[in-house]
Amino acid sequence: MSNRLEGKVAVITGGNSGIGEATGHLFAREGARVILMARREAQGQAVAANIRDAGFEATFIACDVGNDDSVKAAVAKAAEAYGQIDVLFNNAGGGGAGRFPDEPNSDWLRIINTNLTGTFFVSQAVWPHLVAAGGGTVVNMSSLAAQRGFSPKMQDEFGTAAASYYAAKAGVDALTRYMAGAGGRDNIRVNCVRPGQILTPGATRGTINDPDGGHHVFEKMFDYAQIVQGPGYPDDVANLVLFLACDESRFISGEIINVDGGVAAKI
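Because the structure is a prediction, the values reported are computed rather than measured.

1. Quick notes on helix H3 (residues 68-82)
Under the 1.5 Å per step criterion, the end-to-end length of H3 is 22 Å for 15 residues, consistent within 8% with the ideal 21 Å. Between a side-chain oxygen at the N-terminus of H3 and the backbone nitrogen of Asp-69 the separation is 3.0 Å; the capping residue is Asn-67. With its phi angle positive at about 80°, Gly-83 sits one or two positions after the end of H3.

See below:
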């Protein structure tokens, strides 16, 4: 532990599991007072309790990032809890499989709302607190879907995420660059991470290295494409988010960085 976030207050959306949970623990170990936000309250409260049991500070606040009123109320509670906000990790999101043009409109609206609109709503609500703190950092969550396409053969063999997910994450990339420009005069840095195959509770996977080929199609595709063998883990992403959130990356803003085992390098 090097106390890279000593004295900072960090908000993490989607903080009740997976990458958000891992980042919450890491931020806390590095000195931050952590505020976890998510829809599933029991799960989020348990994560916050685990961080406190380890001797660090953490609070859970229920929040639906796709609901503007819920976001405003949650951010107000966060600012009241510790008197400031210095770091925001827009981690909340989710997707689904689908084929164009058959994706239901309801799925399109839900996935865009959670991933892109939610990132906008939370950033918009937190922004004045970052300005008031004299600056801060924002890290957004994207996906390789934002930068890579697929062939019909790839879709037939491995499947793909829905069009809404591709569009939402591409929107997050663009929003990141825009926010970075907007934050320059107020000492607010904004960057983005693009994970590849990360084993989280939300990931569906067969037995790792199953000799009978029992991988889920999503993971099988990454096994073919990766340079680094084997899956990534939530801590692999959390470590990069920490770097982008702390002063070690003080000269980096507007960047979108892959954490993908080298997948994008082979495209």
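Picking up where we left off.
2. Observations concerning the packing of helix H1 (residues 18-29) against helix H2 (residues 41-53)
Packing of H1 against H2 brings their axes to within 10 Å, and their N-to-C directions diverge by 25°. Classified by the interaxial angle, the pair formed by H1 and H2 is roughly parallel. Once H1 is placed against H2, the crossing between them reads as right-handed. For the pair H1 and H2, contact is made by Glu-21, Gly-24, His-25 and Ala-28 and by Val-47, Asn-50 and Ile-51, respectively.

3. Quick notes on the packing of helix H4 (residues 105-132) against helix H6 (residues 163-183)
How two helices sit against one another is set out by the angle between their axes and by the gap between those axes. It is at 8 Å that the axes of H4 and H6 come closest, and there the two elements cross at 15°. Taken together, H4 and H6 sit at an angle that is classed as roughly parallel. The element H4 and its partner H6 pack so that their crossing is right-handed. Residues Asp-107, Trp-108, Ile-111, Ile-112, Asn-115, Leu-116, Thr-119, Phe-120, Ser-123 and Trp-127 of H4 form the contact with H6, whose own contacting residues are Ala-163, Ser-164, Tyr-165, Ala-167, Ala-168, Lys-169, Gly-171, Val-172, Leu-175, Met-179, Ala-182 and Gly-183. Counted by class, the contact of H4 with H6 contains 14 nonpolar, six polar and two charged residues.

4. Overview of the environment of Leu-36
Tracing the backbone shows Leu-36 in strand S2 (residues 33-38). For Leu-36, a relative accessible area of 0% corresponds to the buried category. Taking the C-alpha atoms as reference points, Leu-36 and Thr-59, 23 residues apart in sequence, are found 6.1 Å from one another. Beyond its immediate chain neighbours, meaning those up to four positions away, Leu-36 contacts Ile-12, Gly-15, Gly-24, Gly-44, Val-47, Ala-48, Ile-51, Thr-59, Phe-60 and Ile-61.

5. With respect to the pairing of strand S6 (residues 188-195)
Most of S6 sits inside the fold, with eight of its eight residues counted as buried. Here S6 shows two buried faces, one formed by Ile-188, Val-190, Cys-192 and Arg-194 and the other by Arg-189, Asn-191, Val-193 and Pro-195. Judged from the six bridges that link them, strand S5 (residues 136-141) and S6 form a sheet pairing that is parallel. In the strand pairing of S6, Gly-136 is matched with Ile-188. Bridging between S6 and strand S7 (residues 256-259) involves four bridges; their strand directions are parallel. Within S7, the position partnered with Cys-192 by the bridge is Ile-256.

6. Looking at the pattern of salt bridges
For the structure on display, the rule yields five salt bridges. Across the pair Arg-4 and Glu-30 runs a salt bridge, and its minimum N-O distance is 3.5 Å. One end of the pair, Arg-4, is in the segment before strand S1 (9-13); the other, Glu-30, is in the loop between H1 and S2, and 26 residues separate them in sequence. With a shortest N-O distance of 3.7 Å, Arg-110 and Asp-107 are connected by a salt bridge. Of this pair, Arg-110 and Asp-107 both sit in helix H4, three residues apart, which is roughly one turn of that helix. Asp-107 gets classed as partly exposed once you look at its relative accessible area, which sits at 25%. Three or more residues joined by partner-sharing salt bridges are found here, namely Arg-4, Glu-30 and Glu-248.

7. Thoughts on the nonpolar core
The nonpolar side chains of a soluble globular protein tend to be buried, and buried together. Membership of the largest hydrophobic core comes to 32 residues, with the highest contact counts inside it found for Phe-27, Val-34, Leu-36, Val-193 and Val-237. Sort the elements by how many residues they give to this core and helix H8 (residues 234-245) lands first, with seven residues. Aside from chain neighbours lying at most four places away, what touches Val-237 is Ile-19, Met-141, Val-193, Pro-195, Ile-198 and Val-259. The next biggest cluster of nonpolar side chains, apart from the first, holds 28 residues, and it includes Val-65, Val-71, Ala-78 and Ala-180.

8. Considerations on the sheet that holds strand S3 (residues 58-62)
Within the open sheet, the seven strands sit side by side as S3-S2-S1-S4-S5-S6-S7. Their pairing is parallel. Of all the strands in the sheet, the pair left with one neighbour each is S3 and S7. In this sheet, adjacent strand axes meet at a mean angle of 20° when their direction is disregarded. Relative to S5, strand S4 (residues 87-90) runs parallel, the two being bridged by four bridges. Pairing of Val-87 across the sheet is with Thr-137, part of S5. Taken strand by strand, H8 contacts S4, S5, S6 and S7, and its axis lies near 165° from that of S6.

The rules behind the values
Residues numbered from 1 in each chain as written. Predicted model: local features only at pLDDT ≥ 70, side-chain atom pairs only at ≥ 80, totals over all residues. Heavy atoms only, no water. Helix = DSSP H or I, 4+ residues; strand = E, 2+ residues; numbered from the N terminus. Expected span 1.5 Å × (residues − 1). Polar contact = N/O pair within 3.5 Å; in protein donor to acceptor, adjacent residues only side chain to side chain. Axes fitted to C-alpha atoms, helices over the stretch in contact; angles between N-to-C directions. Parallel < 35°, antiparallel > 145°, perpendicular 65-115°, else oblique. Left-handed = near helix turned anticlockwise from the far one by under 90°. Contact = heavy atoms within 4.5 Å. Nonpolar A, V, L, I, M, F, W, Y, C, P; charged D, E, K, R; others polar. Buried < 20%, exposed > 50% of the residue type's maximum accessible area, 1.4 Å probe, protein only. Pairing = 2+ DSSP bridges. Salt bridge = Lys/Arg side-chain N within 4 Å of Asp/Glu carboxyl O. Core = buried A, V, L, I, M, F, W, Y, C linked by side-chain atoms within 4.5 Å.

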